[in-house]
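# Fold and geometry: a report
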Amino acid sequence: MDIINLPQDILPGDGIISESIIFHDYCSSPPGPFKGKGVLHKNAISLVISGEKTMHFAEKTVYARDTELHFLSAGNCVVSMNLATETPFRSILLFFDTGVLTNFFIKHANRVDKIKDTKKISPVTYLSFTKDPFIRNFIDSLHLLLQSKEQLSIEMRLLKLEELWLYLLEKHSTRLLSFQPASNKHGDDLVVRKVVETNVTNNVSIAEMAFLCHMSLSTFKRWFIRLYGKPPNEWLLQERMKLAKELLQYHHEKPSQVYDKVGYESHSSFSQAFRKIFGKTPSEFQLEYLNDQPQLLND
């Protein structure tokens with residue numbers, strides 16, 4: 001799986017990569033299945049216009065939809081496009097260096113300090129905000145500016161970015177101040193556990209988990225065995241099958257409803273894994289359990 005470097009791999013040419021603020025009107029083309037590793041070299045705000053996509057970060061899985069805007073910290077992620085729609089994913093992306101956000105907070109230090117004195121703020125590396133009329137109009141204004149063939153000046157880009165931040169500072173002050181871009185930290189026990197346990201039921205491979213931890217695959221496997229006492233393939237299989245068994249037995253969900261809830265791409269691959277652990281297909285297991293229920297009640 002190729003690694004996509006953002007923003008450089010989606011921009012025409014490379015003349016503005018070094019700039020502290022970059023705006024880009026992004027559209028996936030053509031629509032359809034896509035999955036890939038990505039490295040965000042700058043923080044980003046994604047103003048989703050159409051389509052859906054899923055992003056797996058070290059500590060969180062994000063479902064990007066057109067009803068929201070998303071703050072993303074620089075770092076590694078695994079991205080997949082929604083396969084259930086032909087609508088292309090389109091988003092206006094605002095990339096910015098951490099220093100730009102720091103300067104904004106310094107510029108409005110009096111307001112920021114008052115908020116911090118009265119509110120408890122827990123740092124996060126991802127935020128989403130539901131679009132409201134102001135944000136929708138803000139997106140429309142950006143769209144009009146980006147239609148011009150001329151590159152927006154750095155002054156205009158900073159003005160528009162600060163316009164959005166100032167609005168959010170007034171309307172959602174605590175949440176905006178909680179956004180603290182992550183430093184480039186390499187694997188430790190907490191990072192590995194967060195990546196693994198966040199993605200147990202997601203369709204994220206072991207190689208992709210290693211990528212999210214900023215580790216080579218071999219290093220990740222060694223770290224995993226030390227933490228969990230088993231190789232990742234074995235541990236993940238057991239955890240996913242434990243959940244699948246519970247969904248089939250106690251929630252009476254059909255096997256066709258279960259496979260994607262426990263991290264499998266297809267019903268057939270899920271059935272093969274289930275048979276490996278329980279010696280029978282999910283349908284056979286569920287039927288046998290349901291047939292035993294009257295006997296258990298009579299006993």
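See above for the structure.
No experiment lies behind these values; they were computed from the predicted model shown. (Residues numbered from 1 in each chain as written. Predicted model: local features only at pLDDT ≥ 70, side-chain atom pairs only at ≥ 80, totals over all residues. Heavy atoms only, no water.)

### What to know about the packing of helix α3 (residues 133–147) against helix α4 (residues 154–171)
Interhelical geometry of α3 versus α4 gives an angle of 175° and a closest axis separation of 11 Å. The angle between the axes of α3 and α4 places the two elements in the roughly antiparallel class. Between α3, through Phe-134, Ile-135, Phe-138, Ser-141, Leu-142 and Leu-145, and α4, the contact on the second element is made entirely by Met-156, Lys-160, Glu-163, Leu-164, Tyr-167 and Leu-168. Its residues assigned to classes, the contact of α3 with α4 shows nine nonpolar, one polar and two charged. (Axes fitted to C-alpha atoms, helices over the stretch in contact; angles between N-to-C directions. Helix = DSSP H or I, 4+ residues; strand = E, 2+ residues; numbered from the N terminus. Parallel < 35°, antiparallel > 145°, perpendicular 65-115°, else oblique. Contact = heavy atoms within 4.5 Å. Nonpolar A, V, L, I, M, F, W, Y, C, P; charged D, E, K, R; others polar.)

### Focus: the pattern of salt bridges
Inspection of the entire model under this criterion finds ten salt bridges. Across the salt bridge formed by Glu-19 and Arg-157, the nearest N and O atoms sit 2.4 Å from each other. Placement of Glu-19 in the loop between β1 (3–6) and β2 (21–27) and of Arg-157 in helix α4 is noted, with a sequence separation of 138 residues between them. Classification of Arg-157 by relative accessible area gives buried; the value is 2%. A salt bridge links Glu-197 to Arg-193, with the nearest nitrogen and oxygen atoms 3.3 Å apart. Residue Glu-197 and its partner Arg-193 are located together in helix α6 (residues 189–198), separated by four residues, close to a single helical turn. (Salt bridge = Lys/Arg side-chain N within 4 Å of Asp/Glu carboxyl O. Buried < 20%, exposed > 50% of the residue type's maximum accessible area, 1.4 Å probe, protein only.)

### A short note on the nonpolar core
Counting 31 residues, the largest nonpolar core has Ile-45, Leu-47, Phe-71, Leu-94 and Trp-165 as the members making the most contacts within it. For this core, the element with the most residues is α4, which contributes six residues. One finds Val-78, Val-192, Val-204 and Leu-212 within the second-largest nonpolar core, a separate group that totals 21 residues. (Core = buried A, V, L, I, M, F, W, Y, C linked by side-chain atoms within 4.5 Å.)

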